[in-house]
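Listed below, chain by chain, are the residues.
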Amino acid sequence: MLEQAGCTVEVPRTQTCCGQPAYNSGDRADTKAIAKQVLDAFEGYDHVVVPSGSCAGMIRVHYPELFADDPAVLPRAERFGARVWELVSFLVDICGMHAVTTRWDHRVTYHDACSGLRELGVKDQPRLLLASVGGLTLKEMSGAEICCGFGGTFCVKYPDISDKMVSDKAAEIVGTGAEAVLAGDLGCLLNIAGKLQRHGRPVEARHVAEVLAGTTEDASPIGVPR
């Protein structure tokens, strides 16, 4: 999709995790070390596009906070953050993509992941592109903007609360009659897919890009063996 939008795409092999798990656990020293590796790996690119909203939010919002007391790195982190985009937001807001030519004959619902929605303003962009997918029907759930309970390390720190939240989310998804739930954050999708499967619900969980790019035949839904 990025190449279709006119981009030259490179994937630096030296890139690492963005550092969010360490950051959420309070390990600032390791987070800074990881973040510096990320800054080095993506030096010189016009834009950095991330397929998971929480990772993009970590870089755009929290890297400047992380280096607020380091005047040697802070300007670099700020400049870098301004060049980082969530995938669908980048396609719509920067590349001007307003439609795709793919087809997927499914009823779907969409989960607005917390970081993408609240830190990056990703809401209308995926719906705009999904509206152009042939054969697709979007069934909105009333709690689309409500957290699924994953929250990175939140689900480990507060498992009972997290389980109640994802159970409610799964019930909402099933209540729409959708055959698949889509989202733009892989952590949310893993959490939701696990709960749906444990409840025996035959609802696919997929990253929205799989549908937009027409690659659903190339990979099984999340959590389902090929």
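Residues numbered from 1 in each chain as written. Predicted model: local features only at pLDDT ≥ 70, side-chain atom pairs only at ≥ 80, totals over all residues. Heavy atoms only, no water.

**Remarks on the pattern of salt bridges**
What the rule picks out here adds up to 12 salt bridges. Between Lys-123 and Asp-112 there is a salt bridge, and its shortest N-O distance comes to 2.8 Å. Within this pair, whereas Lys-123 is found in the loop between α6 (114-120) and α7 (124-130), its partner Asp-112 is found in the loop between β3 (107-110) and α6, the two being separated by 11 residues in sequence. Relative accessible area serves as the criterion here: at 23%, Lys-123 is assigned to the partly exposed category. Arg-127 is the partner of Asp-112 in a salt bridge, and the nearest nitrogen-oxygen pair spans 2.9 Å. Linking Asp-112 in the loop between β3 and α6 with Arg-127 in helix α7, this pair joins segments that are 15 residues apart in sequence. Connected through salt bridges with shared partners, the residues Asp-112, Lys-123, Arg-127, Glu-140 and Glu-145 form a single ionic network. (Salt bridge = Lys/Arg side-chain N within 4 Å of Asp/Glu carboxyl O. Helix = DSSP H or I, 4+ residues; strand = E, 2+ residues; numbered from the N terminus. Buried < 20%, exposed > 50% of the residue type's maximum accessible area, 1.4 Å probe, protein only.)

**Describing the environment of Gln-20**
When you line up the elements, Gln-20 lands in helix α1 (residues 20-24). In this structure Gln-20 comes out as buried when scored by relative accessible area, which is 17%. Excluding residues within four positions of it along the chain, Gln-20 makes contact with Ser-54 and Met-58. Of the polar contacts made by the side chain of Gln-20, one reaches the backbone oxygen of Ser-54; its length is 3.5 Å. (Contact = heavy atoms within 4.5 Å. Polar contact = N/O pair within 3.5 Å; in protein donor to acceptor, adjacent residues only side chain to side chain.)

**Concerning the pairing of strand β5 (residues 180-183)**
Neither face of β5 is open: one carries Ala-180 and Leu-182, the other Val-181 and Ala-183, and all of them are buried. The sheet contact formed by β3 and β5 spans 3 bridges and is parallel. When the bridges of β5 are listed, Tyr-110 appears paired with Leu-182. Two elements, β5 and strand β6 (residues 204-207), share 4 bridges in a ladder whose sense is parallel. By the bridge assignment for β6, Leu-182 is matched with Arg-206. For the segment spanning β5, helix α10 (residues 186-198) and β6, crossover handedness is right-handed. (Pairing = 2+ DSSP bridges. Right-handed = clockwise from strand over helix to strand, strands pointing away.)

**Things to note about the packing of aromatic side chains**
The tally for this structure, following the rule as stated, stands at 3 aromatic pairs. In textbook terms, an aromatic cluster arises when at least three aromatic residues are bridged by ring pairs, as seen for Phe-42, Tyr-45 and Phe-80. Directly above the ring of Tyr-23 sits Arg-28, whose terminal nitrogen or CZ lies 4.1 Å from the centroid. Against the face of Trp-85 rests Arg-60, its NZ or CZ located 4.9 Å from the ring centre. (Phe/Tyr/Trp six-rings, centres within 6.5 Å; stacked < 30°, edge-to-face > 60°. Lys NZ or Arg CZ within 6 Å of the ring centre and 35° of its normal.)

**Let's talk about the domain arrangement of the chain**
Once the domains are mapped, the chain shows domain 1 (20-92) and domain 2 (107-213). The C-alpha-based centres of domain 1 and domain 2 are spaced at 24 Å. Contacts between the two partners involve 18 residues from domain 1 and, on the opposite side, 19 residues from domain 2. Summed over both partners, the interface of domain 1 with domain 2 comes to about 1,300 Å²; 63% of that surface belongs to carbon and sulfur atoms. For the domain 1 face of the interface with domain 2, the top three residues by lost area are Asn-24, Val-88 and Val-92, together amounting to 32%. Where domain 1 packs against domain 2, one counts 0 salt bridges. Seen at the junction of domain 1 and domain 2, the total is 6 residue pairs in polar contact (both at pLDDT 80 or more). (Domains from an automatic or database assignment. Buried area = accessible area lost by both parts, 1.4 Å probe.)

**Re the packing of helix α2 (residues 28-41) against helix α3 (residues 53-66)**
The contact between α2 and α3 brings their axes to 11 Å, and the two run at 120°. Overall, the two elements α2 and α3 adopt an arrangement that is oblique. Here α2 runs over α3; the crossing is left-handed. Here Arg-28, Thr-31, Lys-32, Ala-35, Val-38 and Leu-39 of α2 come into contact with α3, specifically with Met-58, Ile-59, Tyr-63 and Leu-66. (Axes fitted to C-alpha atoms, helices over the stretch in contact; angles between N-to-C directions. Parallel < 35°, antiparallel > 145°, perpendicular 65-115°, else oblique. Left-handed = near helix turned anticlockwise from the far one by under 90°.)

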